Amino acid sequence: MVKIGLQIQATLENITNLRPSGEDFRWYIKIKCVNCGEESGEFSYITLLQNAPLKGGRGHASMVNRCKLCSRENSILLIPESLNSYLLSQSDSHQFVTVVSFDCRGLEPIDFSPRSGWIADGVTQSQDQLAEDGEEVLLSGTLFDDVDLTTKEWSDYDEKSSSSVGIYDLQYKFVVVKG
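Residues numbered from 1 in each chain as written. Predicted model: local features only at pLDDT ≥ 70, side-chain atom pairs only at ≥ 80, totals over all residues. Heavy atoms only, no water.

*Asks:* How should the packing of aromatic side chains be read in this particular structure?
*Replies:* What characterises a pair of aromatic rings is the spacing of the ring centres plus the angle enclosed by the ring planes. Enumeration over the complete set of coordinates arrives at seven aromatic pairs. Seen in terms of ring centroids, W27 and F112 are 6.2 Å apart; in terms of plane orientation they differ by 35°. Their pairing is tilted. Taken together, the residues W27 in strand β3 (residues 27-33) and F112 in strand β10 (residues 107-113) connect sequence positions 85 residues apart. As far as burial versus exposure is concerned, W27 and F112 are alike and both buried. On the numbers, 5.8 Å between centres and 85° between planes, the contact of W27 with W118 is edge-to-face. Taken as a pair, W27 in strand β3 and W118 in strand β11 (residues 118-123) lie far apart in primary sequence, 91 residues in all. (Phe/Tyr/Trp six-rings, centres within 6.5 Å; stacked < 30°, edge-to-face > 60°. Helix = DSSP H or I, 4+ residues; strand = E, 2+ residues; numbered from the N terminus. Buried < 20%, exposed > 50% of the residue type's maximum accessible area, 1.4 Å probe, protein only.)

*Asks:* How should the pairing of strand β7 (residues 63-66) be read in this particular structure?
*Replies:* Consecutive residues of a regular strand have side chains that alternate between opposite faces of the sheet. Judged from the four bridges that link them, β7 and strand β8 (residues 73-78) form a sheet pairing that is antiparallel. What sits directly across from N65, in β8, is N74. Counted between consecutive antiparallel strands, the loop separating β7 from β8 contains six residues, among which S71 sits at a positive phi close to 65°. (Pairing = 2+ DSSP bridges.)

*Asks:* So what exactly am I meant to see when it comes to the sheet that holds β10 here?
*Replies:* Hydrogen bonds between backbone atoms are what pair the strands of a sheet, whose relative direction is either parallel or antiparallel. Read from one edge to the other, the open sheet built from three strands follows the order β4-β3-β10, with strand pairing classed as antiparallel. Each edge of the open sheet carries a strand with a single partner, namely β4 (44-46) and β10. Sheet twist, expressed as the average angle between the axes of neighbouring strands with direction ignored, equals 50°. The pairing of β3 with β4 spans three bridges and is antiparallel. Across the sheet, residue W27 finds its bridge partner in β4, namely I46. (Axes fitted to C-alpha atoms, helices over the stretch in contact; angles between N-to-C directions.)

*Asks:* Could you clarify how one ought to interpret the side chain of S62 in this entry?
*Replies:* Mapped onto the elements, S62 comes out in the loop between β6 (60-61) and β7. The class of S62 is buried, set by a relative accessible area of 6%. Those residues in contact with S62, other than ones at most four positions away along the chain, are I46, T47, Q50, I76, L77 and L78. (Contact = heavy atoms within 4.5 Å.)

*Asks:* Honestly, the sheet that holds strand β2 (residues 15-20) in this entry has me stumped. Any pointers?
*Replies:* One open sheet holds the three strands; their spatial order is β2-β11-β12, and the pairing between them is antiparallel. Both edges of this open sheet fall to β2 and β12 (139-147), since each of them pairs with a single strand only. Averaged over all adjacent pairs, the angle separating strand axes in this sheet is 20°, with direction ignored.

Written out as structure tokens, the structure reads:
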């Protein structure tokens, strides 16, 4: 059993608290069998709501997959308490942040497609003002509830703060999570 975290890093403009939309959020990943190295050609998705039984009554997982090459049954469990938001302060310091972790048994994620279903909160001050003034982030009250990151960028306009908002240069990586 290996826990693998998905980390993201992006430039946020006048938004904070980038997060998945809920339990039905679809995490699109490509997977690889650690037994034989066979990689999936297509993206598969898992959600918190998915629950498949493991062979022999050994519990459950978010995804159970039989490898096409070696026929081994493998699984991935999305860990609910690992869900995390990406904040404006983390964007300013160009930090990678673990936004979700997977308990992997025989599989490992090798690619991620962010797609749609993300949520973010508007802020009242720009990144430049925050960096110079050192003030806390003040929310504008605008909730952007259908952020689509398929192209790894997104932009919109926050009417409450009269400012453009956006997510740019989205990057991601998978890391082994200890504990």
